[in-house]
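Here is what each chain is made of, one letter per residue.
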Amino acid sequence: MNYTYIKFESQTQGEKAVRLLSKHNIKASLRRNPNPNHKQGCNFALFAKDNIWNAYDIIRDNHIPNLGVESYRERL
């Protein structure tokens, strides 16, 4: 399965983004990054139920710091 998510450096930034998306009627959840880049530390991943790119645009336009969008393919 392929997952696309928005990465955050801290849990606080991710929680702000989830609350913001909720105000825009976009359901989202925050979890630890399933495929962390250890150079960036243990970061968090926001998974949106709707279009991830729409969610990313809203987060970016509201100046919530993030590490960008990433895709991860689950290994069998």
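Keep in mind that this is a model prediction, so the values were computed, not measured.

Procedures and definitions
- Residues numbered from 1 in each chain as written.
- Predicted model: local features only at pLDDT ≥ 70, side-chain atom pairs only at ≥ 80, totals over all residues.
- Heavy atoms only, no water.
- Core = buried A, V, L, I, M, F, W, Y, C linked by side-chain atoms within 4.5 Å.
- Buried < 20%, exposed > 50% of the residue type's maximum accessible area, 1.4 Å probe, protein only.
- Helix = DSSP H or I, 4+ residues; strand = E, 2+ residues; numbered from the N terminus.
- Contact = heavy atoms within 4.5 Å.
- Axes fitted to C-alpha atoms, helices over the stretch in contact; angles between N-to-C directions.
- Parallel < 35°, antiparallel > 145°, perpendicular 65-115°, else oblique.
- Left-handed = near helix turned anticlockwise from the far one by under 90°.
- Nonpolar A, V, L, I, M, F, W, Y, C, P; charged D, E, K, R; others polar.
- Pairing = 2+ DSSP bridges.

*Asks:* Tell me about the nonpolar core, and please be specific about residues and values.
*Replies:* Of all hydrophobic cores here, the largest spans 14 residues; its most connected members are Ile6, Phe8, Leu21, Leu46 and Ile59. With five residues, the single largest contributor to this core is helix α2 (residues 52-61). Contact partners of Leu21, with chain neighbours within four places excluded, come to Ile26, Ala28, Leu46, Ala55, Ile58 and Ile59.

*Asks:* So what's going on with the packing of helix α1 (residues 11-23) against α2? Residues and values would help.
*Replies:* Viewed as axis vectors pointing N to C, α1 and α2 meet at an angle of 110°, and their least axial separation amounts to 10 Å. The orientation of α1 relative to α2 falls into the category roughly perpendicular. When the axes of α1 and α2 are compared, the crossing they make is right-handed. Residues Ala17, Leu20 and Leu21 of α1 form the contact with α2, whose own contacting residues are Ala55, Ile58 and Ile59. Residues belonging to the contact of α1 with α2 are distributed by class as follows: six nonpolar, no polar and no charged.

*Asks:* Report on the sheet that holds strand β4 (residues 68-73), specifying residues and quantitative values.
*Replies:* As a general point, the strands of a sheet are linked pairwise by backbone hydrogen bonds and lie either parallel or antiparallel. Read from one edge to the other, the open sheet built from four strands follows the order β2-β3-β1-β4, with strand pairing classed as antiparallel. Two strands lie at the open edges of the sheet, namely β2 (28-32) and β4, each paired on one side alone. The mean inter-strand angle of the sheet, taken between neighbouring strand axes irrespective of direction, is 40°. Pairing of strand β1 (residues 2-8) with strand β3 (residues 44-48), which is carried by three bridges, proceeds in the antiparallel orientation. Counted as the bridge partner of Ile6 is Leu46 from β3.

Limitation: the analysis is restricted to geometry and does not speak to function.
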